[in-house]
Amino acid sequence: MRVRSSVFASFCLILEVLSVALFLRGFFPVPVKSSFSSKSKLSDLPAEPFTGSSPNLSKVPDPLFKRVVIVLIDALREDFVFGPNGRKYMPYTRHLVERGSTHSFVAKARPPTVTMPRIKALTTGSIPGFIDVVMNLNSPALLEDNLIWQAKTAGKRMVFYGDDTWVKLFPKHFMEYDGTTSFFVSDYTEVDNNVTRHLDSTLKRDDWDILILHYLGLDHIGHISGPHSSLIQPKLMEMDDILKKIHGSLILKETEGALPYLLLLCGDHGMSETGSHGGSSAHEVNTPLVLISPTFKRKVGMEKPPTVEQVDLTPTLALGLGLPISQNSVGRLIQPVVEEASLRDQLRFLHLNGHQLSCLLKDSMPAYEKEEGYEQFRVAEKSHGNWLKLVVEGNTSEVLNSMGKKVLKQYLEALRVMSAALSKQMGKYDMYSMVVGVVLVFQLLLLLLLAMPEALSGASEVDLPVSSALLSLPFYLLCLLLFSVHMLVCTSAESACYFCSLSWGLVFGAVALSSALLCILVSMAARKGAKPPGKSPSRASGSGWSLSELDILLLAGTAGHTLSLSASSFVEEEHQVWYFLLNTLCLVVFQDVCRKYFRERSANIGVIGCSEDEDCLPPSKEGDAVASPLTDLGVTGADSERWLALATPLLTLACCRLLRSLNQTGVQWVHLPDLGHWLNSSEHKTVLSLLAAMSLALIYFLVQRRCSLVSKIALALGLLGVYSYRAAVGNVVLPWQHSSGNMSKGTMKARFVYVFILGIFFTGSKDLLRSQVITADARLKSRGLWEIYSGVVLLVALLFRAHNLPVLCCCLLVQSLMAQFIWKKLHYDAAQTTIMHYWFGQAFFYFQGNSNSIATVDISVGFVGLESYVEAPAVFLTALSTYAGPLLWASHLICYLSSENRSSVAGCPAG
């Protein structure tokens, strides 16, 4: 069955999307939710577990605090307060931690460490999923049970100033608010001044119960210049002064006999060593939690803060304010906060928290009664009832006090185990759905690899043995086998499985598809073995598979990488796989070069002509779209070409080794210093400036030869604008610039570059349209594609940080050398060239410093040339910068194949 390449590609794309979606459905578990659609109410609270006949207390104990002020500093790392620099960064806060009436903790946030999921965790007590990262861009109203809704229902008057994510999540909940956008990271001054300007008037008033302040400036500084920037200390000292002002105002308003206040300092997440967040490194998940209140005992010295979960703050605040705990909260009460209350009230707080967790446990686990935490809670509840009976009877012995403390410990242990079990439920994967998704993806990958030579051939058709596969006996046997496996897995699964919940029709379709794909793959492989492809210089001649070492490497490497993604450790350190594959590829290419130029031609040295069976190397023609820049330097001749071809794989290896040292990535070793950190330090700004200037000059040299005169001028001015922009934002210095004090946003200089980028795009698009509409000129089409490509290069140069410009430079250099001396001269076919471009694109993604962690996404590039937050261009620029490596190699592949098609058409004899 012959199908067009476009139809085949569309079929593979649709199935690939469905397979990946099935895998992701199993990889991202459904969050633990209560089955009750309504929210917690005071009337639903359980009574005290009293075993006698007296009436039980069924309400929450009286509130512990009258007023609560929450100061949330975005991206506040734990070591900014508790670390060695804490006294220098935040002296007043550190003094309170060491000598004041405070309780200090290290609050551990769960990934993803992004603002909106963290706010949800703080207010609901639940653990958000990774899908909330997407929702972070445009947060919808939060409908599930949460602390803010409970406070509003109880009549608490709330005021909010800061990140407008709160306003989107909780519309109409605050009696007064002023929100600021959190995405315009270039601003770290006005975004905080907009919060602080309300403080004086608000603190003087008595018409509020809860004040929430969310400061964003520290997070923005981290995105711009990292946690070790010179801007960090002034910003933290500013935050320290604000906390001092609030604390002083609360002390002055404190009255005799009234309930005390609670001042709470916390962070939503931390900050990685690169200044970003979203991952699970210690600096990203560990945040300070400082509770300040006159009801706490005064400290006598610095103590190591204990670790709590960030979600533990939700039940603690709810019970401290006399509110019900949110239904979906997996947090447990922070016991030191209520230790000054009576023992009966403490046990009542723990009982309410335990009852809420046990209800959530019932809803999320079928065998909840066998859970250790549930059994411990029932034992503690029974002991609590016995203790309470003795209290009501008037027993005041010391034994009673000891018994009460023992019950308290039982409750704390039960809460710990139940909270851990519910949190662990979030990490359970649907393995069956994941395996099915991976199997389908792997089968499609093999199908693409086997069909790629036909799909990219001149006929643009693929011959798929569909009929023979569907009518074969193995197909029906495979269907029966897979159905049996499906029945076995679904009947023996202890937890819910998404693939098992699908209708039998969909399951039958998936089983039949997988069986058919396997039969088709076997038929295509057998056909390839029986009928070897046409001769290629890079392939071994003879019967059988006729696969060269390069073919085997490309097939095995691509398939092996896909299989490696089934292990989380390989996903975390995926860059190591690509570095290994790329180094191996360079060595195999080096072997092909040696074989071609030295072994196969050793008998023909000095012979000008070539025999019928010999591979002739056509000389490069003037104006060739892929002409090497080295020809501009006068490097010509067969000997020079031979040695340059030999040096290309080795030079590529050297570039890859240099770029590996530039940016540490992954998870395990990302904290280690690298060349990028060294270049970005203030002491080495001159070195970085010289390196950036040299890189931009070489980028122009590598790109300009394919452009028209107008585009060459625009490219040169654009690259000058890139350097001027980096100088304006303080990354590099200009020769006449003696100090770096005059930093700006560089908005006008960035817009200056955008003008030239649009001009190059316009010139390239014009040539492309002329070649398609007015005249069928393949040369004009090729030039148009290369000019659009040069515009993309200029845009990437603008978005890349200064220390990453060598990555772009090496990318272009490797592309030029490989195109001139490897792909063209060794006559690699379109399939081999395509897979090699894919490998290089993936490797350069990691050379940029990216990883599979959200923390490595540099969102500051989304605001290059923007004065305010505009969602569409910000998202586009951020995505373009993040995936610049794969994009540049994919674009180069299109331009290269177009140029090669033009050359082959031009070389064909007429008629």
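The shown structure was predicted, so the numbers you read here are calculated from the model rather than taken from an experiment. Here the residue numbers are simple positions, counted from 1 along each chain's written sequence. Residue-level local features of this predicted model are given only where pLDDT is at least 70; pairs of side-chain atoms are given and counted only at 80 or more, and the full residue set underlies all totals for whole chains, interfaces and linings. The side-chain quantities take in all heavy atoms of the structure and omit both hydrogens and water.

Draft legend 1. Region of interest: the overall build of the protein. Regarding its fold elements, the protein presents 35 helices and ten strands. Only protein chains enter the accessibility calculation, which uses a 1.4 Å probe; a residue is then buried when its area is under 20% of its type maximum, exposed when over 50%, and partly exposed in between. Out of the 911 residues belonging to the protein, those deemed buried represent 52%. Contact criterion: two residues are considered in contact whenever any of their non-hydrogen atoms come within 4.5 Å of each other. Long-range pairs, those at least 24 residues apart, make up 76% of the contacts in the protein with a sequence separation of at least 6. Accessible surface is estimated by sampling points in the Shrake-Rupley manner with a 1.4 Å probe; for residues, cover comes only from the protein chains shown. Roughly 40,800 Å² of accessible area belongs to the protein as shown, and the carbon and sulfur atoms make up 63% of that amount. Numbering goes from the N terminus for both helices and strands, where a helix is a DSSP run of H or I of at least four residues and a strand is a run of E of at least two.

Draft legend 2. Here's a closer look at the sheet that holds strand 7 (residues 261–266). Across the sheet, which stays open at both edges, the eight strands sit in the order 5-4-6-2-7-8-3-9 with mixed pairing between neighbours. Each having just a single partner strand, strand 5 (176–180) and strand 9 (307–309) make up the two edges of the open sheet. Here the strands of the sheet are splayed against their neighbours by 20° on average, with no regard to which way each runs. Two strands are counted as paired when DSSP detects at least two bridges linking them. In terms of strand pairing, strand 7 meets strand 8 (residues 286–292) through four bridges, oriented antiparallel. From the neighbouring strand, Leu263 faces strand 8, where its bridge partner is Ile292. In this analysis an axis means a line fitted to C-alpha atoms, helices contributing only their contacting stretch, and an angle means the value between N-to-C directions, from 0 to 180 degrees.

Draft legend 3. Main features of the pattern of salt bridges. Within this document, salt bridges are pairs made up of a side-chain nitrogen of Lys or Arg and a carboxyl oxygen of Asp or Glu, the two lying within 4 Å of each other. For the structure on display, the rule yields 23 salt bridges. In this structure, the salt-bridge partner of Arg94 is Glu98, at a minimum N-O distance of 3.0 Å. Residue Arg94 and its partner Glu98 are located together in helix 4 (residues 91–99), separated by four residues, close to a single helical turn. The exposure class assigned to Glu98 is buried, which follows from its relative accessible area of 12%. With a closest N to O distance of 2.6 Å, Glu413 and Arg416 form a salt bridge. Here Arg416 and Glu413 lie together in helix 17 (residues 398–425), a separation of three residues that amounts to about one turn. Overlapping salt bridges, with partners in common, bring together Arg2, Glu461 and Asp463 in one network.

Draft legend 4. Examining the UniProt feature "transmembrane region" (unreviewed entry) in the protein more closely. Annotation from UniProt places "transmembrane region" (unreviewed entry) at residues 7–28, 431–452, 464–489, 501–526, 686–703, 709–729, 750–768 and 788–814. Secondary structure over residues 431–452 splits into 100% helix and 0% strand, and the C-alpha atoms at its two ends are 31 Å apart. For residues 750–768, helix accounts for 100% and strand for 0%, while the C-alpha atoms at its two ends are 27 Å apart. UniProt positions are given in the numbering used here, feature names are shortened, and annotations may be inferred rather than shown by experiment.

Draft legend 5. Spotlight on the environment of Ile552. For Ile552, the location among the structural elements is in helix 23 (residues 549–564). According to the relative accessible area criterion, Ile552 is partly exposed, its value standing at 48%. When residues no more than four places from it in sequence are discounted, the contact partners of Ile552 are Leu547 and Gly557.

Draft legend 6. Fine view of the packing of helix 11 (residues 217–225) against helix 12 (residues 232–252). Relative orientation of the contacting elements helix 11 and helix 12 amounts to 170°, with a least axis distance of 10 Å. Put simply, helix 11 runs roughly antiparallel to helix 12. Together, Gly217, Leu218 and Ile221 of helix 11 and Ile232, Lys235 and Leu236 of helix 12 make up the contact between the two elements. Charged means Asp, Glu, Lys or Arg here, nonpolar means Ala, Val, Leu, Ile, Met, Phe, Trp, Tyr, Cys or Pro, and polar covers whatever is left, Gly included. Each residue belonging to the contact of helix 11 with helix 12 can be placed in one class, and the counts come to four nonpolar, one polar and one charged. Roughly parallel here means an angle under 35 degrees, roughly antiparallel means over 145, roughly perpendicular means 65 to 115, and every remaining angle is called oblique.

Draft legend 7. Expanded view of the environment of Val308. By the element assignment, Val308 lies in strand 9. The class for Val308 is buried, based on a relative accessible area of 12%. Sequence spacing of Val308 and Gly331 is 23 residues, and the spatial spacing of their C-alpha atoms is 9.5 Å. Setting aside its immediate chain neighbours within four residues, Val308 contacts Phe105, Val106, Ala107, Lys108, Leu289 and Ile334.

Draft legend 8. Up close: unusual backbone geometry. That bond from Pro111 to Pro112 is cis: its omega, 5°, falls within 30 degrees of zero. One non-glycine residue, Ala75, adopts positive backbone phi at about 65°. Summarising the element assignment, Ala75 is placed in the loop between strand 2 (67–73) and helix 2 (79–82).

Draft legend 9. Up close: the nonpolar core. The definition of a nonpolar core used throughout is a set of buried Ala, Val, Leu, Ile, Met, Phe, Trp, Tyr and Cys residues joined through side-chain atoms within 4.5 Å. In this structure, Leu585, Ile699, Leu794, Leu798, Leu808, Trp823 and Phe847 are the most contacted members of the largest nonpolar core, which totals 92 residues. The greatest single-element share of this core, amounting to 14 residues, is contributed by helix 32 (residues 805–823). When near neighbours in sequence (up to four residues on either side) are disregarded, Ile699 contacts Leu719, Val793, Leu805, Leu808, Cys809 and Leu812. Listed in part, the 73 residues of the second largest apolar core include Leu64, Phe160, Leu343 and Met418.

Draft legend 10. Geometry of the state of the cysteines. Defined by distance alone, a disulfide is two cysteine sulfur atoms within 2.5 Å. Taken as a whole and assessed by the stated rule, the structure comprises one disulfide. Through a disulfide, Cys490 is tied to Cys500; the S-S separation comes to 2.0 Å. Between Cys490 and Cys500, the S-S dihedral sits near -90°, and the bridge is therefore left-handed. Of the two residues, Cys490 is situated in helix 20 (residues 473–492) and Cys500 in helix 21 (residues 498–501); the sequence distance between them amounts to ten residues. Looking at the unpaired Cys497, the closest cysteine sulfur is the one in Cys500, lying at 3.7 Å.

Draft legend 11. Region of interest: the pairing of strand 7. With six of its six residues buried, strand 7 lies for the most part within the structure. Covered by surrounding structure in strand 7 are Tyr261, Leu263 and Leu265 together with Leu262, Leu264 and Cys266, the residues of both alternating faces. Taken together, the six bridges between strand 2 and strand 7 define a ladder with parallel strand orientation. Among the inter-strand pairings, Val69 is bridged to a residue of strand 7, identified as Leu263.

Draft legend 12. View of helix 12. Counted at 1.5 Å a residue, the expected span for helix 12 with its 21 residues is 30 Å, and the 31 Å between its end C-alpha atoms agrees. Listed as buried for helix 12 are Ile232, Lys235, Leu236, Met239, Asp240, Ile242, Leu243, Ile246, His247, Ser249 and Leu250. Multiplying 1.5 Å by the residue count of a helix minus one yields the expected span of that helix.

Draft legend 13. Representation of helix 30 (residues 747–774) within the structure. A rise of 1.5 Å per residue sets the reference length of helix 30, with its 28 residues, at 40 Å; its end C-alpha atoms lie 39 Å apart and thus fit the reference within 8%. Buried within helix 30 we find Thr747, Ala750, Val753, Tyr754, Phe756, Ile757, Ile760, Thr763, Gly764, Asp767 and Ser771. Buried residues along helix 30 sit against helix 29 (709–728), helix 31 (778–799) and helix 34 (871–882).

Draft legend 14. Local environment of the pairing of strand 2. Of all seven residues in strand 2, seven are buried, a share of seventy percent or more. Side chains of strand 2 alternate between two faces, with Arg67, Val69, Val71 and Ile73 and Val68, Ile70 and Leu72 buried alike.

Draft legend 15. Geometry of a nonpolar patch on the surface. On the surface, a cluster of nonpolar side chains totalling about 660 Å² of accessible area is made up of Val20, Leu24, Phe27, Phe28, Tyr429, Met431, Val435 and Val439. Those elements that place two or more of their residues in the nonpolar patch are helix 1 (5–27) and helix 18 (431–455). Relative to the assigned elements, Val20 resides in helix 1. Judged by relative accessible area, Val20 falls into the partly exposed class, the value being 36%. Like-charged residues within 9 Å of one another, or nonpolar side chains (Val, Leu, Ile, Met, Phe, Trp, Tyr) within 5 Å, are grouped into patches, provided each residue has over 30% relative accessible area and no salt bridge.

Draft legend 16. A look at the packing of helix 29 against helix 31. Helix 31 packs onto helix 29 with a crossing angle of 10° between their chain directions and a minimal axis gap of 9 Å. When the interaxial angle is binned, helix 29 and helix 31 end up roughly parallel. Contacts from Ser711, Ala714, Leu715, Gly718, Leu719, Val722, Tyr725 and Arg726 of helix 29 reach helix 31 at Glu787, Ser790, Leu794, Ala797, Leu798 and Leu799. Here the contact of helix 29 with helix 31 is built from residues that sort into nine nonpolar, three polar and two charged.

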